[in-house]
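Structural overview for review
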There are 2 protein chains.
Amino acid sequence: MSGALKDAAIRVERPAKTLRELALDKVREAIVNGYFRPGDRLVERDLCAQLGVSRTVVREVLRHLESEGLVANLPNKGPIVAQLDIEEAKQIYEIRGALEGMAARLCAERGSPEIVAALEESLSAIRSSYRDQDMAGVLANTSSFYQTLFTMVDRHVAWGVVNLLTVRINHLRSMTIKTERRDIEGPAQMSKIVDAIRRGDGEGAQRAAMDHVAAASAIAEAVLSAQKPAE
Amino acid sequence: MSGALKDAAIRVERPAKTLRELALDKVREAIVNGYFRPGDRLVERDLCAQLGVSRTVVREVLRHLESEGLVANLPNKGPIVAQLDIEEAKQIYEIRGALEGMAARLCAERGSPEIVAALEESLSAIRSSYRDQDMAGVLANTSSFYQTLFTMVDRHVAWGVVNLLTVRINHLRSMTIKTERRDIEGPAQMSKIVDAIRRGDGEGAQRAAMDHVAAASAIAEAVLSAQKPAE
DNA sequence: CTACAGTATTTGGTAGGCCATAATACGATT
DNA sequence: AATCGTATTATGGCCTACCAAATACTGTAG
């Protein structure tokens, strides 16, 4: 999102986000990075106050988040932040494996150097974020790595699906990347994906991508089952 | 939608569902089976009148359908029924291939006879629906075939994703199943999936599932590109 | 200490109104 | 007649206020 507004720009202004979209982003973010914890009730009127908007807007936002799977609605009790159980998390990782594997294979089969270059750029950004202990940066750059994987072969729908699912496990992601040695192994696994793509090895690229999320899934499972009993 | 309401006296009328959900289903159905056509504007106040509910409800419904991809929102112009372009449809079929292939493989690897039995039941229901020219039945039973595939190995999330995507191409589905010889080839392809599962051949099951949606995708593409120029 | 009645909270849903913007119709001016 | 404002309308976005029903809470009477 660059602020391009120079010459020849018939496009004068930004889409002017509606209040609703602003609120949606705010609440989603609040959930995703833990300001609202799983199981917390999301009382409409409280949200109105906190966001400074009307119930109309809040209700639409809650509906939207509900269909994203971030919010669950107990009948006659109201919306709460969805709880992520371990089984669901595993399934989400599995689906990501299938789709990212597919995208990786397509990238390899296309065999365009631009793809490899773009992926390598993201990858090195990830490595440097790890060096700086910038965990938010790691997440963002990992995301852009995968975005490249999907969009370079024009798989926008699949990318949308992956994104939709990913928000639901976001807090897991931020835990997995902080685990021991993940700073080395994570990029190494992703590097394998890139290597296979460079070789034009579709099968290998797919396997490497699936291995990467499988590893993440295993870590997530360990993290989840370690913290469940404590809670 | 069965009209079961007679006996069972206690069973008064427990809507369980909120008005909102009722309205959501109604509108979704109206879109899915073509009462509202792609590109049609969905004017809030008109919908209020047609559904007999308040704007609040209508707006929530529209938001929900928007996040399902059935409705698009033009800034400053309002919601319209989403247009399905051919590229997007192909991507949806591709994703279904990946996920249904995954599910089929898992079914084969589990190797439980109940799965095979359940799938065969759906399959024969499909065949008999074809015999009766009951196209709605074909769709419903096909859906239940795949539902079995996913839920028998507890992949509810993936099934949810497939469902989400499927509504967007529903009218394509209803056209593909009506094409020449689809009454024979469709079930034959699905039968191959079942056979592979029975053999415990994960690889084969995956391939068969992917072949089946690939065939559907090819037909859909033909149908779409045939009707586009006319329009 | 329990049971129960009353009270508060909160959702689900309704009604209606206000404002901003886009499109369209309608003039008025040249 | 063609063009250039200017009402009007339609509509989305947003708000306030209200009500009914379900749920949770609380204090009191027995």
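Residues numbered from 1 in each chain as written. Chains lettered and ligands numbered in written order. Predicted model: local features only at pLDDT ≥ 70, side-chain atom pairs only at ≥ 80, totals over all residues. Heavy atoms only, no water.

This part is about the pairing of strand β2 (residues 78–81) of chain B. Residue and element names in this part refer to chain B. Direction of pairing for strand β1 (residues 71–74) relative to β2: antiparallel, over a ladder of four bridges. Residue V71 lies in a different strand from β2, and its bridge partner there is V81. Hairpin connection from β1 to β2: three residues lie between these consecutive antiparallel strands, with N76 at a positive phi of about 65°. (Pairing = 2+ DSSP bridges. Helix = DSSP H or I, 4+ residues; strand = E, 2+ residues; numbered from the N terminus.)

Within the UniProt annotation, "domain: HTH gntR-type" (unreviewed entry) is assigned to residues 17–84 of chain A. From the first C-alpha to the last, residues 17–84 of chain A spans 30 Å; its make-up is 53% helix and 12% strand. (UniProt positions renumbered as here; feature names shortened; annotations may be inferred.)

Among the 21 residues in the neighbourhood of DNA strand C, the closest are listed as R45 and R59 of chain A together with L19, S54 and T56 of chain B. Considering the 4 Å shell around the protein, atoms of DNA strand C inside it are sugar or phosphate in 64% of instances. L19 of chain B places a polar main-chain atom, nitrogen or oxygen, 2.3 Å from a phosphate oxygen of DNA strand C. Take R55 of chain B: an N or O atom from its side chain is 3.2 Å from a base oxygen of DNA strand C. Elements with a minimum of two residues in the surface near DNA strand C: α2 (44–51) and α3 (55–68) of chain A together with α1 (19–32) and α3 (55–68) of chain B. The residue inventory of the surface near DNA strand C, partitioned by class, reads five nonpolar, six polar and 10 charged. (Near = heavy atom within 4 Å. Polar contact = N/O pair within 3.5 Å; in protein donor to acceptor, adjacent residues only side chain to side chain. Nonpolar A, V, L, I, M, F, W, Y, C, P; charged D, E, K, R; others polar.)

What follows concerns the relation of the copies chain B and chain A. Between the two chain copies there is a screw-like relation: a rotation about an axis and a shift along it. Each copy superposes on the other: chain B lies on chain A with an RMSD of 0.1 Å after a rotation of 180° and an axial shift of 0.1 Å. Read as a symmetry element, the transformation amounts to a two-fold axis. Taken as a fraction of all interface residues of chain B, those also at the interface in chain A reach 100%, which identifies the copy contact as same-surface. (Least-squares fit on C-alpha atoms with pLDDT ≥ 70 in both. Contact = heavy atoms within 4.5 Å.)

An ideal rise of 1.5 Å per residue puts 24 Å on 17 residues; helix α6 (residues 135–151) of chain A measures up with 24 Å between its terminal C-alpha atoms. Buried residues of α6 of chain A: G137, V138, L139, N141, T142, F145, Y146, T148, L149 and F150 of chain A, and no others. (Expected span 1.5 Å × (residues − 1). Buried < 20%, exposed > 50% of the residue type's maximum accessible area, 1.4 Å probe, protein only.)

Here we take up the interface of chain B and chain A. Facing 28 residues of chain B, the contacting portion of chain A comprises 28 residues. For the pair chain B and chain A, the summed buried area comes to about 2,200 Å², and 60% of that belongs to carbon and sulfur atoms. Counting every contact that joins chain B to chain A gives 13 residue pairs in polar contact (both at pLDDT 80 or more). For the side of chain B that touches chain A, the secondary-structure elements that each account for two or more residues are α3, α4 (86–110) and α7 (156–168) of chain B. Per-element tally for the side of chain B that touches chain A: the top contributor is α4 of chain B, with 10 residues. Considering only residue class, the side of chain B that touches chain A consists of 11 nonpolar, six polar and 11 charged. (Buried area = accessible area lost by both parts, 1.4 Å probe.)

Moving on, we come to the protein's contact with DNA strand D. Taken together, 22 residues surround DNA strand D, and among them L19, S54 and T56 of chain A together with R45 and R55 of chain B come closest. Sugar and phosphate atoms constitute 63% of the interface atoms of DNA strand D, taking the interface as everything within 4 Å of the protein. Contact distances for DNA strand D include 2.5 Å between a phosphate oxygen and a side-chain N or O atom of S54 of chain A. Per-class residue counts for the surface near DNA strand D are six nonpolar, five polar and 11 charged.

Quick look at the environment of F145 of chain A now. Residue and element names in this part refer to chain A. If you trace the backbone, F145 turns up in helix α6. On the basis of relative accessibility, which here comes to 0%, the residue F145 falls in the buried class. Linking F145 and R37, residues 108 residues apart in sequence, is a C-alpha distance of 28 Å.

This part covers the nonpolar core. Counting residues in each nonpolar core, the largest one holds 92 residues, and the members touching the most others are L99 and I197 of chain A together with L99 and I197 of chain B. Beyond its immediate stretch of four places on either side in the chain, L99 of chain B contacts I95, A98 and L99 of chain A together with F150, A158, V161 and V162 of chain B. (Core = buried A, V, L, I, M, F, W, Y, C linked by side-chain atoms within 4.5 Å.)

Moving on, we come to the environment of G69 of chain A. Residue and element names in this part refer to chain A. When you line up the elements, G69 lands in the loop between α3 and β1 (71–74). Along the chain, G69 and V81 lie 12 residues apart, while their C-alpha atoms are 9.2 Å from each other. In contact with G69, not counting residues within four places along its chain, are A82 and R168.

What follows is about the domain arrangement of chain A. All names here are of chain A. Partitioning chain A into domains gives domain 1 (19–81) and domain 2 (86–230). Each of domain 1 and domain 2 has a C-alpha centre, and these two points are 28 Å apart. Each partner contributes residues to the interface: domain 1 has four residues there, and domain 2 has five residues. Of the roughly 450 Å² buried at the junction of domain 1 and domain 2 (both faces included), carbon and sulfur atoms supply 68%. (Domains from an automatic or database assignment.)

Let's shift gears to helix α5 (residues 113–131) of chain B. All names here are of chain B. Along its 19 residues, α5 runs 27 Å from first to last C-alpha, staying within 8% of the 27 Å computed at 1.5 Å per residue. Within the span of α5, buried status applies to I115, V116, L119, S122, L123, I126, S129 and Y130. Axial view of α5: buried residues confined to an arc of 150°, hence all on one face. Among the exposed residues of α5, those pointing more than 90 degrees away from its buried face are P113, E114, E121 and R131. As for α5, its buried residues are in contact with α4, α6 (135–151) and α9 (182–199). Where α5 terminates, the next one or two residues include Q133, which has phi positive at roughly 60°. (Arc of directions from axis to C-beta.)

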